[in-house]
Amino acid sequence: MVNVRPAEARDREALDALFRHARAAIARLGIDQWQDGYPEPELIAGDIARGDAYVFESGGALAGYMTAMLDPEPLYDAIDGRWHCEGPYLTVHRMAIDDGFRGRGLSVRMLDFARDFARSHGCASVRADTHRGNCAMRGLLEKCGYLLCGEVRYPVAAGDPVRVAYELPLEEK
């Protein structure tokens, strides 16, 4: 059973460890994403303060984290490609899963949460992006019905600034 709740300041130590492990897992895949210390503790603190941060727990342990933002992502305005939907959208950022919970379907559960959260807030879609070399995340998004929309660029200090952008249109049900 997975419990989802807003992240709190008391989660910071566990989140620091989660992101350290996530950076190592990405590095093992040979991807330069997140290798410059991203996401910084101050960024996560901001996510928590805005109420955009969610933790996923299983058996009392912190299993995963994601940012679910209802505010528009400014960098998405300059997409090289096109979005499929007009109107408000939810943006998924900073999705990470603890090593001990990989391969248990948690990532799908997290994206299901984002979809349901977006629907409950009247969004037309869910948008996300990932490093173009992150085949695992790209495969997950496509498995969950996200459509490839194009590329966006991030002002990163090091590594590839290009991210592949995806969108999940939400139909009224």
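Since the model is a prediction, treat every value here as computed from it, not as a measurement.

> Please explain the side chain of Asp11 as it appears in this structure.
Here Asp11 is to be found in the loop between strand S1 (2-6) and helix H1 (12-28). You can call Asp11 buried: its relative accessible area is 5%.

> In this structure, what is going on with the nonpolar core? I would like to understand it.
It is characteristic of soluble globular proteins that their nonpolar side chains tend to be buried jointly. Core analysis: the biggest nonpolar cluster contains 28 residues, and Met66, Leu90, Met95 and Val126 have the highest contact counts within it. Of all hydrophobic cores here, the second largest spans 15 residues; its members include Leu18, Phe19, Val55 and Tyr65.

> Before we go on, may I ask you to explain helix H3 (residues 106-120) in this structure?
Helical geometry note: an α-helix holds 3.6 residues per turn, so side chains three or four residues apart project in the same direction. In a regular helix each residue adds 1.5 Å, so 15 residues correspond to 21 Å; H3 covers 21 Å between its end C-alpha atoms and thus fits that length. Among the residues making up H3, those that are buried are Leu106, Ser107, Met110, Leu111, Phe113, Ala114, Phe117 and Ala118. Down the axis of H3, the sector holding all buried residues measures 150 degrees, keeping them to one side. Against S1, strand S2 (53-58), strand S3 (61-69), strand S5 (89-97), strand S6 (125-131) and helix H4 (135-143) lie the buried residues of H3. Gly122, located one to two residues past H3, shows a positive phi value of around 70 degrees.

> Explain unusual backbone geometry here, please?
Excluding glycine, residues mostly have negative phi values, and the peptide bonds linking residues are mostly trans. In this model, Arg94 sits at a positive phi of 50 degrees, which is unusual for a non-glycine residue. With respect to the element layout, Arg94 can be found in strand S5. What makes Arg94 buried here is its relative accessible area of 9%.

> Help me understand the packing of H1 against helix H2 (residues 41-50) in this model?
The description of two packed helices rests on the angle between their axes and on the distance between the axes. Relative orientation of the contacting elements H1 and H2 amounts to 130 degrees, with a least axis distance of 11 Å. Between H1 and H2, the angle is such that the two are oblique. As H1 runs across H2, the sense of the crossing is right-handed. Each of Arg12, Leu15, Asp16 and Phe19 in H1 lies in contact with H2, whose residues at this interface are Pro41, Glu42, Ile44, Ala45 and Ile48. The residue makeup of the contact of H1 with H2, split by class, is six nonpolar, no polar and three charged.

> Would you take a moment to explain the layout of surface pockets for this structure?
Rolled over the atoms, a probe sized like a water molecule indicates the empty space that remains. Looking at the largest pocket, its volume works out to about 1,000 Å³. Breaking the lining of the largest pocket down by element, the ones donating at least two residues are H1, H2, S5, H3, S6 and H4. Counting residues per element, the lining of the largest pocket draws most heavily on S5, which supplies six residues. Across the lining of the largest pocket, the residue classes break down as 25 nonpolar, seven polar and eleven charged.

The rules behind the values
Residues numbered from 1 in each chain as written. Predicted model: local features only at pLDDT ≥ 70, side-chain atom pairs only at ≥ 80, totals over all residues. Heavy atoms only, no water. Helix = DSSP H or I, 4+ residues; strand = E, 2+ residues; numbered from the N terminus. Buried < 20%, exposed > 50% of the residue type's maximum accessible area, 1.4 Å probe, protein only. Core = buried A, V, L, I, M, F, W, Y, C linked by side-chain atoms within 4.5 Å. Expected span 1.5 Å × (residues − 1). Arc of directions from axis to C-beta. Contact = heavy atoms within 4.5 Å. Axes fitted to C-alpha atoms, helices over the stretch in contact; angles between N-to-C directions. Parallel < 35°, antiparallel > 145°, perpendicular 65-115°, else oblique. Left-handed = near helix turned anticlockwise from the far one by under 90°. Nonpolar A, V, L, I, M, F, W, Y, C, P; charged D, E, K, R; others polar. 1 Å grid on protein atoms, 1.4 Å probe; cavity = no way out; pocket = protein on both sides within 12 Å on 5 of 7 lines; lining within 4 Å. Points joined across faces, edges and corners; volume = space filled by probe spheres on them.

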